[in-house]
Amino acid sequence: MTTPILLGLMGCSSPASKNHEACDCPFEGHGAVYEDQCLCLRAVPVPADDAPDQVFYVDPATEAAGDGSETNPWPLVDWPAVDTALDEGIVHVRFDARGELPDRLEVLRTSTSTHRLLLDGRGWVRDTSGWTQNSSDARAIAPGIHTTFDDVPRSYVTVRGFEVTGSRDKGVYWRSGDHVVLEDLVVHDNKGTPAILLDYANRSGHRSASFVVRNTHVYDQLGECIYIGGAEGTEQAAHEHVEVVANLVHGCRDPFDTKHDAINIKDQIDSVVVERNVVFDTDWGIEAASPGRYAHNLVFDTKREGFQISDAWGDLNGFTLTDNTVIRAGQDGVHISVQRNAVTDVQLQRLTVIDSRQAGVLLGADPGLQATLDDVVLVGNDVGLDGWGTVDVTVGACAAADNGELADRIAEAPDCSSVALGDVSNPAGPDGELLTDDDPWLVQGMGARLPK
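Below you will find a few notes about this structure. (Residues numbered from 1 in each chain as written. Predicted model: local features only at pLDDT ≥ 70, side-chain atom pairs only at ≥ 80, totals over all residues. Heavy atoms only, no water.)

## Things to note about the pattern of salt bridges
What counts, and what does not: Salt bridge, as used here: a side-chain nitrogen of Lys or Arg that lies within 4 Å of a carboxyl oxygen of Asp or Glu. Comment: elements are numbered from the N terminus, with helices defined as DSSP H or I runs of at least four residues and strands as E runs of at least two. Exposure is judged per residue with a 1.4 Å probe applied to protein chains only, and the accessible area is read against the type maximum: over 50% gives exposed, under 20% gives buried, and values in between give partly exposed.
Tallying each qualifying case throughout the model produces 26 salt bridges. In this structure, the salt-bridge partner of Glu433 is Arg42, at a minimum N-O distance of 2.9 Å. With Glu433 in the segment after strand E38 (417–418) and Arg42 in strand E4 (residues 37–42), this residue pair connects regions lying 391 residues apart in the sequence. Relative accessible area serves as the criterion here: at 11%, Glu433 is assigned to the buried category. When its relative accessible area of 35% is taken as the criterion, Arg42 is described as partly exposed. Between Asp169 and Lys170 there is a salt bridge whose closest N-O contact spans 3.4 Å. Owing to a relative accessible area of 14%, Lys170 belongs among the buried residues under this scheme. Salt bridges linked by common partners bring Asp151, Arg175, Asp199, Arg203 and Glu232 together as one network.

## Digging into the nonpolar core
Test applied: Residues belong to a common nonpolar core when they are buried Ala, Val, Leu, Ile, Met, Phe, Trp, Tyr or Cys residues joined through side-chain atoms within 4.5 Å. We call two residues contacting when some pair of their heavy atoms lies within 4.5 Å.
With 88 residues, the main nonpolar core has Leu119, Phe162 and Val334 as its most contacted residues. Take this core: its biggest share by element is eight residues, from strand E34 (residues 359–379). Setting aside its immediate chain neighbours within four residues, Leu119 contacts Trp79, Val93, Phe95, Leu105, Val107, Val157, Thr158, Val159, Arg160 and Phe162. Counting 24 residues, the second-largest nonpolar core is a separate cluster that includes Tyr34, Leu39, Leu41 and Val377.

## Comments concerning the side chain of Thr148
Just so we agree on the cut-off: Under the rule applied, a polar contact is a pair of N or O atoms within 3.5 Å (in protein, one hydrogen donor and one hydrogen acceptor; residues adjacent in sequence only if both atoms are side-chain atoms).
Position of Thr148 relative to the elements: it lies in the loop between strand E12 (145–146) and strand E13 (157–160). Given the relative accessible area of 12%, Thr148 is considered buried. A polar atom in the side chain of Thr148 sits 3.4 Å from the backbone nitrogen of Asp150. Excluding its chain neighbours within four sequence positions, the residues that come into contact with Thr148 are Glu106, Leu108, Arg154, Tyr173 and Arg175.

## Looking at the state of the cysteines
Applied cut-off: Here, a disulfide means two cysteine sulfur atoms that sit within 2.5 Å of each other.
Tallied over the entire structure, the rule returns four disulfides. Here Cys225 is linked by a disulfide to Cys252, with a sulfur-sulfur distance of 2.0 Å. As the torsion about the S-S bond is roughly -110°, the Cys225-Cys252 disulfide counts as left-handed. Taken together, the residues span a long stretch of sequence, with Cys225 in the loop between strand E20 (217–222) and strand E21 (226–228) and Cys252 in strand E23 (residues 248–253) at a distance of 27 residues.

## Focus on the packing of aromatic side chains
Geometrically, a pair of aromatic rings is defined through the distance of the ring centres and the angle of the planes. Note the cut-off: Side-chain rings of Phe, Tyr and Trp, where Trp is taken by its six-membered ring, are said to pair if the distance between their centres is within 6.5 Å; with planes under 30 degrees apart they count as stacked, over 60 as edge-to-face, and otherwise as tilted. By definition here, charges over rings are those cases where NZ of Lys or CZ of Arg is within 6 Å of the ring centre and within 35 degrees of the ring normal.
Following the criterion strictly, the structure yields 10 aromatic pairs and no others. Between Phe95 and Phe162, the ring centres sit 5.0 Å apart and the planes meet at 75°, which makes this aromatic pair edge-to-face. Of this pair, Phe95 sits in strand E6 (residues 91–95) while Phe162 sits in the loop between E13 and strand E14 (163–164); the two residues are 67 residues apart in sequence, bridging distant segments of the chain. Among the residues examined, Phe95 registers a relative accessible area of 2% and is labelled buried. According to the relative accessible area criterion, Phe162 is buried, its value standing at 0%. Aromatic rings pair up to connect Tyr34, Phe280 and Phe300 into one cluster. Across the ring face of Phe27, the terminal group of Arg42 is positioned such that the distance to the ring centre comes to 3.9 Å. Residue placement shows Lys266 over the ring face of Trp313; its charged tip is 5.4 Å from the ring centre.

## Looking at the side chain of Glu305
Basically, it comes down to this: The convention is simple: Lys and Arg are positive, Asp and Glu are negative, and His and the chain ends are not counted.
Locating Glu305 in the fold gives a position in the loop between strand E29 (298–300) and strand E30 (307–310). One buried charged residue, Glu305, remains without a salt bridge, the closest side chain of opposite sign being Arg304 at 4.9 Å. There is a polar contact of 3.3 Å between the side chain of Glu305 and the backbone nitrogen of Asp332. Those residues in contact with Glu305 that sit more than four places away from it in its chain are Asp283, Trp284, Gly285, Gln331, Asp332, Gly333 and His335.

## What about unusual backbone geometry?
A cis amide bond links Thr193 with the next residue in sequence, Pro194, at an omega value of 0°. Looking at where Pro194 falls in the secondary structure, it is placed in the loop between strand E17 (186–188) and strand E18 (196–198). With phi around 50°, Glu35 is a residue other than glycine that occupies positive phi space. The topology assignment puts Glu35 in the loop between strand E3 (29–34) and E4. Backbone geometry at Arg276 places phi at a positive 60°, although glycine is not the residue there. Along the polypeptide, Arg276 turns up in the loop between strand E25 (270–275) and strand E26 (278–280).

Okay, structure coming up:
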């Protein structure tokens, strides 16, 4: 059916913020304490590393300058030596996982080869017998990881396994670079915002190609958590191929502002993948201004919207949400706002929205928006479907229950079947693992599906 949405919404209060400590999981992944239980998100598999041609070692506790060898490690990375080795082949730099760097780790690669550099902060420890690979959760601690603000792309770099905490500024800052991977990091309690930032392409003058943040835990952040800069509304192309996958993000807060999103994807970025992330205790959960694949994300306990999607700086045509779940949004579960140019293709597929204090889904547009909703579950929201302006929305299969009203300010409410849910107070269900088949928000054959 096609129905015009006419009017807007008023604001309302939000749930109180909570801070949740990290906890250990019985498998590879990250966990956070929630209502006295450790909720765990399993890591996604990653490709095996190619064998290094050169390996260097860093032990911050050593006093001698060293040559980077196992027996004579560096106290800090010798970047000229690393660049020379990268010109010849793949380089791994292994940090003592029980060490703490005295200052931030500056990533100063200038080699333009395509040989990969791995900065590895987990699993390698130095003792009296030498260096051994240890399977413990020990991580080298770095008070920030930073490429500096020089307009020099730092490309073909993987940063893995560090605990990034105590930075005077951001946790991880990347000015620009191609084929960059940030994975298995624990980033928390840094003083600047965001916790992880890829800077705007128009600021550096470099359109970064392939930037990946995965299997990472970000929490207790003053301000925003994961932020991918775009083009700041300049109409130029921003980055190309950005992946934000399998991250546990919570506790993003700012006592003096509302700018504390868990994941923020800015404008003009091509080929975006935001998938299998779990987000809670933030202002907005996931903010997006670039189309792409947004799938299998779980967002709960936000102060405002679960998903905040806007064309304020860019075009939203082709924007798709698939298999996403939002629980207890302080305002709207999914809020899509179009105010620049008419948008003719937005799709919300297999969506579940539960207990939003305002609308489960709000679609608003001036000049216009055409959107398709199919296979959606709307339960316990103040209004199931609402919006403002000139919107044509086609609603396919849907299930609903216990909404204040199913639809408001639309000409014809969708014809939804009834549905019953489990107790969603714990979104992980009895097993404590997020995104598994005992999660109470799952509905057989309807709404969000689990990732395969």
